Amino acid sequence: MLGATVASGVLHAGCSSEDGGGGNGIPVAGTNVRDVPVGFLGSAGARTLLGRDAAGLYAMTSICTHNGCDLLTFGALGDSGLSCNCHGSGFSRTGEAIRGPAFKPLQHLRVGVAADGTITVDTNTPVDATVRTPVP
Ligand code: FES
């Protein structure tokens, strides 16, 4: 099963298209770190994005900081990052606002990796945009 939401707002990364994500060219994240290559950015469940760069994993909300459109439904992913189709805002692959009308970045969220590689995103725990979870 993919996209299970558990108590306290912790999401297991990965979801089906029925529970958010996967549209508009935004891929769906795997549930295990071995399925999330460096350079990946995609849906990690409802209202959540998961990415991986050279330093590790990061997650952030998919809710546009301009007026609250969900990028998983109303956005698109391109080479330069995420675009919000509601009013044209743009965000880098790490959530920085790079084109208005949005001027605030996407909020980053804590990511955990279990010993078996299973990824969880704690949607109740915001973190600084520079935080990465190392990949074991
Ligand atoms: S809600 Fe995203 S640009 Fe307005």
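Calculation notes
- Residues numbered from 1 in each chain as written.
- Predicted model: local features only at pLDDT ≥ 70, side-chain atom pairs only at ≥ 80, totals over all residues.
- Heavy atoms only, no water.
- Pairing = 2+ DSSP bridges.
- Helix = DSSP H or I, 4+ residues; strand = E, 2+ residues; numbered from the N terminus.
- 1 Å grid on protein atoms, 1.4 Å probe; cavity = no way out; pocket = protein on both sides within 12 Å on 5 of 7 lines; lining within 4 Å.
- Points joined across faces, edges and corners; volume = space filled by probe spheres on them.
- Nonpolar A, V, L, I, M, F, W, Y, C, P; charged D, E, K, R; others polar.
- Salt bridge = Lys/Arg side-chain N within 4 Å of Asp/Glu carboxyl O.
- Buried < 20%, exposed > 50% of the residue type's maximum accessible area, 1.4 Å probe, protein only.

Asks: Sorry if this is basic, but what is going on with the sheet that holds strand β8 (residues 90-91) here?
Replies: Each strand in a sheet pairs with another by means of backbone hydrogen bonds, the pair being arranged parallel or else antiparallel. Across the sheet, 4 strands lie side by side as β6-β7-β8-β9; this open sheet has antiparallel pairing. With partners counted over all chains shown, the strands left at the sheet margins are β6 (75-78) and β9 (97-99), one partner each. Where strand β7 (residues 81-84) and β8 come together, 2 bridges link them in antiparallel fashion. Looking across to β8, one finds that L82 is bridged to F91.

Asks: What is the right way to read empty space enclosed by the protein from this model?
Replies: Sizing a probe to match a water molecule and rolling it over the atoms shows the empty space that remains. Enumeration over the complete set of coordinates arrives at 1 cavity of 30 Å³ or more. Taken as a whole, the largest cavity encloses approximately 40 Å³ of empty space. Around the largest cavity sit L57, Y58, A59, H108, L109, R110, V111, V127, V131, R132 and T133, which together line it. Elements with a contribution of two residues or more to the lining of the largest cavity: β5 (56-61) and β10 (108-113). If one sorts the elements of the lining of the largest cavity by residue count, β10 sits on top with 4 residues. For the lining of the largest cavity, the per-class residue count stands at 7 nonpolar, 2 polar and 2 charged.

Asks: Looking at this structure, how should I read the pattern of salt bridges?
Replies: Side chains bearing opposite charge may pair, as long as their charged atoms lie close to each other. The final tally for this structure, using the stated rule, is 2 salt bridges. Salt-bridge contacts for D53 lead to R132; the nearest nitrogen and oxygen are separated by 2.8 Å. Residue D53 is found in strand β4 (residues 48-53), and its partner R132 is found in the segment after β11 (119-127); the two are separated by 79 residues along the sequence. On the basis of relative accessible area, D53 is assigned to the partly exposed category, the value being 21%. A salt bridge links R110 to D122; its shortest N-O distance comes to 3.1 Å.

Asks: What exactly am I supposed to notice about the pairing of β10 here?
Replies: Sheet faces and side chains relate simply in a regular strand, where the side chains alternate between the two faces. Pairing of β5 with β10, which is carried by 2 bridges, proceeds in the antiparallel orientation. Across the sheet, the residue bridging to A59 is L109, located in β10. The pairing of β10 with β11 spans 6 bridges and is classified as antiparallel. Looking at β11, one finds that L109 is bridged to P126.

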